[in-house]
Amino acid sequence: MRKWLIRGSAIVIATWGISYTPLVCDKELLPVIYTVLGIMFSIALSQLISFSFSEIDNEQFVKKQRKQIRDIRTSFIVQFSLATVFFISYSYGAKFTIGWFRFDWRILVFTYLLYCLAYFIVNFIALAQLKDKIEDDVRKIRNKPDPKYPE
């Protein structure tokens, strides 16, 4: 929960800072970013369901890896769900200024979608590393010499 709060705060602070720049979000850019996110989300979920632990006997190992995969899946789903809500709300976005304080909702949507892109890439890397680790561990177990039959 603390991680989500820190990330959310960083996005809001970045949005607030960017609101002071002359950056304008092009209306055609956000649908493209959202489409890329949708493609990445679909690929991520297909990769997550392709993990198989059917040949692994170590129950503790399986539980630990399933929890890790479940956490990654939850992260993808939450991030994409929020991206969808933000994307839908984009057209209703407003820019407001109160004294020296400025905030632009469209910049917030843009910042969040960029954050999601980066976050998906990081999670893809974590997913690939997890898959490699599981395969390495399985190979170690399978290639372990049997004490009954010394080489």
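Residues numbered from 1 in each chain as written. Predicted model: local features only at pLDDT ≥ 70, side-chain atom pairs only at ≥ 80, totals over all residues. Heavy atoms only, no water.

Asks: With reference to specific residues and values, describe the overall build of the protein.
Replies: Secondary structure summary: the protein contains four helices and two strands in total. If you list the helices and strands of the protein from N to C, you get α-α-α-β-β-α. Relative to the globule expectation of 15 Å for 151 residues, the C-alpha radius of gyration of the protein, 21 Å, shows a markedly less compact shape. Along the three orthogonal principal directions, the C-alpha set of the protein runs to about 80 × 30 × 20 Å. Every one of the 151 residues in the protein was classed for burial, and the buried ones make up 32%. Across the protein, contacts joining residues at least 24 apart in sequence account for 82% of those joining residues at least 6 apart. Roughly 10400 Å² of accessible area belongs to the protein as shown, and the carbon and sulfur atoms make up 64% of that amount. (Helix = DSSP H or I, 4+ residues; strand = E, 2+ residues; numbered from the N terminus. Rg over C-alpha atoms; globule rule 2.2 N^0.38 Å. Buried < 20%, exposed > 50% of the residue type's maximum accessible area, 1.4 Å probe, protein only. Contact = heavy atoms within 4.5 Å. Areas by Shrake-Rupley, 256 points an atom, 1.4 Å probe, with all protein chains shown as cover.)

Asks: How would you sum up the confidence of the model for the protein? Please name residues and give values.
Replies: Detailed reading of the predicted coordinates is not advisable wherever pLDDT is low. Taken over all residues, the pLDDT of the protein has a mean of 81, while the share at 70 or more is 92%. The least confident element of the protein is strand β1 (residues 95-98), whose mean pLDDT is 68; the most confident is helix α2 (residues 29-49), at 90. (pLDDT = per-residue confidence, 0-100.)

Asks: So what's going on with the packing of aromatic side chains? Which residues, and what values?
Replies: The relative placement of two aromatic rings is captured by the distance of their centres and the angle of their planes. Applying the stated criterion across every chain yields a total of eight aromatic pairs. Each ring, one from tyrosine 34 and one from phenylalanine 87, has its centre 4.5 Å from the other, and the planes form 0°; the classification is stacked. Within this pair, whereas tyrosine 34 is found in helix α2, its partner phenylalanine 87 is found in helix α3 (residues 59-89), the two being separated by 53 residues in sequence. Tyrosine 34 gets classed as buried once you look at its relative accessible area, which sits at 17%. With a centroid separation of 5.5 Å and 35° between ring planes, the pair formed by tyrosine 115 and tyrosine 119 is classed as tilted. Pair noted here: tyrosine 115 and tyrosine 119 are both in helix α4 (residues 105-142), with a separation of four residues, about one helical turn. Tyrosine 119 gets classed as buried once you look at its relative accessible area, which sits at 14%. Members of the aromatic cluster, each reached through a chain of ring pairs, are Tyr34, Phe41, Phe80 and Phe87. (Phe/Tyr/Trp six-rings, centres within 6.5 Å; stacked < 30°, edge-to-face > 60°.)

Asks: Give me the lowdown on the pattern of salt bridges, citing residues and values where you can.
Replies: In the structure shown here, the tally under the stated rule is one salt bridge. Residue aspartate 71 is joined to lysine 67 by a salt bridge in which the shortest nitrogen-to-oxygen separation is 2.9 Å. Taken together, the residues aspartate 71 and lysine 67, both in helix α3 and four residues apart, mark about one turn of the helix. Residue classification places aspartate 71 among the partly exposed residues on the basis of a relative accessible area of 41%. On the basis of relative accessible area, lysine 67 is assigned to the partly exposed category, the value being 44%. (Salt bridge = Lys/Arg side-chain N within 4 Å of Asp/Glu carboxyl O.)

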